[in-house]
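A structural walkthrough
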Amino acid sequence: QVQLVESGGGLVQPGGSLTLSCAASGSIFSIWGMAWYRQAPGKQRELVAGITSRGSTNYADSMKGRCTISGDNAKNTAYLQMYSLKPEDTAVYYCKAILTDSATEPSYDLWGQGTQVSVSI
């Protein structure tokens, strides 16, 4: 069984930085891409950034220039470095992987349990 484990969330002051990690483990055949989403109270879940297995990246307009997504294919891990954080970045951050666990099965989305990021004085 494959699982995603996120880490690195916490409380940070406005203007501060934080790095989130998302590690996939289990019976993995291939990971096609990984992404970070966030969901603030009362709001819909939204994409923050994504990266493909080949290293192509995309970012939400609200986070462009304030975050960097990277991946380590050998470790099945994705990272999200965030800087110049604002109170409105406060949310639960979720990791998603698009993966297959065998050569004959279709790909599917797997979500992590989420990690809280709070930006406050």
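Anyway, here's the lowdown on the structure attached to this text. (Residues numbered from 1 in each chain as written. Predicted model: local features only at pLDDT ≥ 70, side-chain atom pairs only at ≥ 80, totals over all residues. Heavy atoms only, no water.)

**Side note on the pattern of salt bridges**
Counted only if it meets this: Salt bridges are counted wherever a side-chain nitrogen of Lys or Arg sits within 4 Å of a carboxyl oxygen of Asp or Glu. Whether a residue is buried, partly exposed or exposed follows from its accessible area with a 1.4 Å probe, protein chains only, as a fraction of its type maximum: under 20%, in between, or over 50%, in that order.
A full pass over the atoms with the stated rule returns five salt bridges. Residue E46 is joined to R38 by a salt bridge in which the shortest nitrogen-to-oxygen separation is 2.7 Å. Close ionic contact of D61 with K64 constitutes a salt bridge, the shortest N to O distance being 3.3 Å. Considered together, D61 and K64 belong to a single accessibility category, that of exposed residues.

**What to know about the sheet that holds strand β3 (residues 18-25)**
Stated precisely, the cut-off is as follows: For two strands to count as paired, DSSP must find a minimum of two bridges between them. Think of it this way: any DSSP run of H or I at least four residues long counts as a helix, any run of E at least two long counts as a strand, and we number them from the N terminus. For every element, the axis is a line fit to its C-alpha atoms; helices are fit only across the contacting stretch, and the angle between N-to-C directions ranges from 0 to 180 degrees.
Across the sheet, four strands lie side by side as β1-β3-β8-β7; this open sheet has antiparallel pairing. The outermost strands of the open sheet, each flanked by one partner alone, are β1 (3-7) and β7 (67-72). Averaged over all neighbouring strand pairs, the angle between strand axes comes to 15 degrees, with direction disregarded. Inspection of the sheet shows β7 paired to strand β8 (residues 77-82) by six bridges, in the antiparallel sense. Each residue of the ladder has a partner; that of I69, found in β8, is L80.

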